[in-house]
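Observations on the three-dimensional arrangement
Single-letter residue listing:
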Protein chains: 2
Amino acid sequence: MPARGKGRPRSFDRDKALQKALEVFWTRGYGPATVAELCAAIGINPPSLYAAFGNKDALFLEALQHYETTYWASPWQALADEADLRRGMERFLFAAAAILSSRDVPCGCLVVQNSGSVSPDSDEVRDALRLLREASKAAFLARLDRACAEGDLPPDADVEALAATFAAVLQGMSAQARDGAPREDLERIARASLAMLPVTRAPAPPAAAGR
Amino acid sequence: MPARGKGRPRSFDRDKALQKALEVFWTRGYGPATVAELCAAIGINPPSLYAAFGNKDALFLEALQHYETTYWASPWQALADEADLRRGMERFLFAAAAILSSRDVPCGCLVVQNSGSVSPDSDEVRDALRLLREASKAAFLARLDRACAEGDLPPDADVEALAATFAAVLQGMSAQARDGAPREDLERIARASLAMLPVTRAPAPPAAAGR
DNA sequence: TGGCATTCGTAGCAGCCGCTACAATAATCG
DNA sequence: CGATTATTGTAGCGGCTGCTACGAATGCCA
């Protein structure tokens, strides 16, 4: 695989092109985005796009992976690394609120928002999106399971239900961000949802419960 | 407006046609659904469809209204009528779980699922969907406000945040239903989310606060 | 019975879709 | 220098999109 091949060199930066394509898919949606729009945004012609990325589906899948690693890998990692469950969840959800409502970038989540925009017969793209959505639930579940084992949650907590619910909250935050909700609103959703976490029976700080 | 006009009578039932169109939009999504598909499902030709409904947008908007009144009007009304907040919320969310995961009907919510499938330049359809989504949040807010006044919630509860969060949970339930989550999973989400509601401070069983 | 009003099926419009054939261009190789 | 190899822009393919012109069919009303 020669880094510098023999033929005529490519006249555009493939990574920047991928970034541009991501922006188009993000703002317009997978379905509504057209190859012509993608080409215009990148500044190339259709044959160059197809030579570099294959076809529209493959380009979207590559943009999708770029999206995940660029925007979400770090928050998920931080959730896994944080020792305290509640602090970790709060930080993750606040980071999500920032991403979903950023003004530097289209609002809402590429993965959540395109669940409806992709025609039910293009299996590959649909499956890729579904798998990413299920991965979110699995990541929450893993973290909650650990919290259960470490005493951050009571041992009988329904961690699967909690994981599914936080995944639902995340999806809802994406939808409301797309509808124009500002970052503060998303943060209030994040904070409110944290109240779902059941408290561990206190080891017994001598019963002075009064506020 | 004569119920029995003068010209040749219509050869199909307009209401049944609307129901069929709703099913197509529901399963395929607004964007991916084509006029040809709609015609095939109804059993008519394009000119009949355009004569009866106007165009694709108008047909969708009418199907949307039919959807809301048929499936959601009653649960929302029940939420408003139920005296006890928690019982009302639980019943509403369980009803939602049943609708969203029903096997008689496509999974997921027409309003939530089509947020991404409609091209950003067809303003009318997009606005109609957004307004319905915001109406959900407003309905939750109204019910929570009332609960606050009636003592079902503490007076300092952040009802706006709670309303937005329940709306988010509902949107997430729709997404997960579309991804194949069974009714039981959605019900566990519903139950888990109810834990967000803050408990009212007990009216004062003389200060024996220690649990 | 003969208008008249409305809907019907056939057939096809212009326009956009994803995608590609083709020849010219620009680089590395011997 | 050719020869080779890859990318470029032009131009356009077949197919599907939402939508409609048209004349035949079918009902009410006078």
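Let me sum up the structure you'll find in this document. From a predicted model like this one, the values you see are computed outputs, not experimental measurements.

Here we take up the interface of chain B and chain A. Many structure descriptions define interface size as the accessible area lost when the parts assemble. Across the boundary between the two partners, chain B contributes 39 residues, which contact 39 residues of chain A. Interface of chain B and chain A: buried area, both sides summed, is about 3,000 Å²; carbon and sulfur atoms make up 51% of it. Taken together, the links from chain B to chain A amount to eight salt bridges. Of all the secondary-structure elements, those providing two or more residues to the side of chain B that touches chain A are helix H1 (14-28), helix H7 (123-150), helix H8 (159-178) and helix H9 (183-194) of chain B. Per-element accounting of the side of chain B that touches chain A gives the leading share, 13 residues, to H8(B). For the side of chain B that touches chain A, the residue count by class is 15 nonpolar, twelve polar and twelve charged.

Another aspect to go through is the relation of the copies chain B and chain A. Expressed as a screw transformation, the operator carrying chain B onto chain A has a rotation angle of 180 degrees and an axial translation of 0.0 Å, and the superposed copies differ by an RMSD of 0.0 Å. Taken together, the rotation angle and the small translation identify this as a two-fold axis. A shared interface surface links the copies, since 97% of the contact residues of chain B are contact residues in chain A too.

Here we take up the protein's contact with DNA strand D. Within the structure, DNA strand D sits among 24 residues, and A:Ser11, A:Asn45, A:Ser48, B:Thr34 and B:Tyr50 are positioned closest to it. Within 4 Å of the protein, atoms of DNA strand D come from sugar and phosphate in 71% of cases. The separation between a phosphate oxygen of DNA strand D and a polar side-chain atom of A:Ser11 is 2.8 Å. A:Ser48 places a polar side-chain atom, nitrogen or oxygen, 2.8 Å from a phosphate oxygen of DNA strand D. Elements with a contribution of two residues or more to the surface near DNA strand D: helix H3 (46-53) of chain A together with helix H3 (46-53) of chain B. Examining the composition of the surface near DNA strand D, we find that three residues originate from one element, H3(B), more than from any other. Tallied by class, the residues present in the surface near DNA strand D amount to nine nonpolar, eight polar and seven charged.

What follows concerns the packing of aromatic side chains. Residues and elements named next belong to chain A. The full count for this structure, using the stated rule, is 22 aromatic pairs over all chains. Each ring, one from Trp26 and one from Tyr67, has its centre 4.9 Å from the other, and the planes form 80 degrees; the classification is edge-to-face. Of this pair, Trp26 sits in helix H1 (residues 14-28) while Tyr67 is found in helix H4 (residues 56-81), placing the two residues 41 residues apart along the sequence. In terms of burial, Trp26 and Tyr67 fall into one category: buried. For the pair Tyr67 and Tyr71, a centre-to-centre distance of 5.7 Å together with 40 degrees between the ring planes defines the contact as tilted.

Time to look at H1(B). All names here are of chain B. Over its 15 residues, H1 runs 21 Å from end to end, which matches the ideal 21 Å to within 8%, given 1.5 Å per residue. Burial in H1 covers these residues: Ala17, Leu18, Ala21, Leu22, Val24, Phe25, Trp26 and Arg28. In this structure, the buried residues of H1 make contact with helix H2 (35-42), H3, helix H4 (56-81), helix H6 (110-113) and H8. Looking one or two places after H1, you find Gly29, whose phi comes out positive at around 95 degrees.

This paragraph deals with the protein's contact with DNA strand C. Near DNA strand C there are 23 residues, and of these A:Arg8, A:Thr34, A:Tyr50, B:Asn45 and B:Ser48 occur at the shortest range. Close to the protein, within 4 Å, the atoms of DNA strand C belong to sugar or phosphate groups at a rate of 71%. Here A:Lys56 contributes a backbone N or O atom positioned 3.1 Å from a phosphate oxygen of DNA strand C. B:Ser48 places a side-chain nitrogen or oxygen 2.9 Å from a phosphate oxygen of DNA strand C. Every element with two or more residues in the surface near DNA strand C is listed here: H3 of chain A together with H3 of chain B. With three residues, H3(A) is the single largest residue contributor to the surface near DNA strand C. Class assignment for the residues of the surface near DNA strand C results in eight nonpolar, eight polar and seven charged.

Residue and element names in this part refer to chain A. Here Leu129 shows up in helix H7 (residues 123-150). Residues Leu129 and Gln113, 16 residues apart in the sequence, show an inter-C-alpha distance of 9.8 Å. In contact with Leu129, not counting residues within four places along its chain, are Phe60, Leu64, Leu110, Val111, Asn114 and Val118.

The next thing to look at is the packing of helix H9 (residues 183-194) of chain A against H8(B). Interhelical geometry of H9(A) versus H8(B) gives an angle of 85 degrees and a closest axis separation of 8 Å. As the angle between them shows, H9(A) and H8(B) are arranged roughly perpendicular. Each of A:Arg188, A:Ile189, A:Ala192 and A:Ser193 in H9(A) lies in contact with H8(B), whose residues at this interface are B:Glu160, B:Ala161, B:Leu162, B:Ala164, B:Thr165 and B:Ala168. Of the residues contributing to the contact of H9(A) with H8(B), the split by class is six nonpolar, two polar and two charged.

What follows covers empty space enclosed by the protein. For the structure on display, the rule yields one cavity of 30 Å³ or more. Its boundaries defined by the atoms lining it, the largest cavity holds a volume of some 80 Å³. Every residue along the wall of the largest cavity is listed here: A:Val112, A:Gln113, A:Ser115, A:Gln171, A:Ala175, B:Val112, B:Gln113, B:Ser115, B:Gln171 and B:Ala175. Where the lining of the largest cavity is concerned, the elements lending two or more residues are helix H6 (110-113) and helix H8 (159-178) of chain A together with H6 and H8 of chain B. Split into classes, the residues belonging to the lining of the largest cavity amount to four nonpolar, six polar and no charged.

Conventions and cut-offs
- Residues numbered from 1 in each chain as written.
- Chains lettered and ligands numbered in written order.
- Predicted model: local features only at pLDDT ≥ 70, side-chain atom pairs only at ≥ 80, totals over all residues.
- Heavy atoms only, no water.
- Contact = heavy atoms within 4.5 Å.
- Buried area = accessible area lost by both parts, 1.4 Å probe.
- Salt bridge = Lys/Arg side-chain N within 4 Å of Asp/Glu carboxyl O.
- Helix = DSSP H or I, 4+ residues; strand = E, 2+ residues; numbered from the N terminus.
- Nonpolar A, V, L, I, M, F, W, Y, C, P; charged D, E, K, R; others polar.
- Least-squares fit on C-alpha atoms with pLDDT ≥ 70 in both.
- Near = heavy atom within 4 Å.
- Polar contact = N/O pair within 3.5 Å; in protein donor to acceptor, adjacent residues only side chain to side chain.
- Phe/Tyr/Trp six-rings, centres within 6.5 Å; stacked < 30°, edge-to-face > 60°.
- Buried < 20%, exposed > 50% of the residue type's maximum accessible area, 1.4 Å probe, protein only.
- Expected span 1.5 Å × (residues − 1).
- Axes fitted to C-alpha atoms, helices over the stretch in contact; angles between N-to-C directions.
- Parallel < 35°, antiparallel > 145°, perpendicular 65-115°, else oblique.
- 1 Å grid on protein atoms, 1.4 Å probe; cavity = no way out; pocket = protein on both sides within 12 Å on 5 of 7 lines; lining within 4 Å.
- Points joined across faces, edges and corners; volume = space filled by probe spheres on them.

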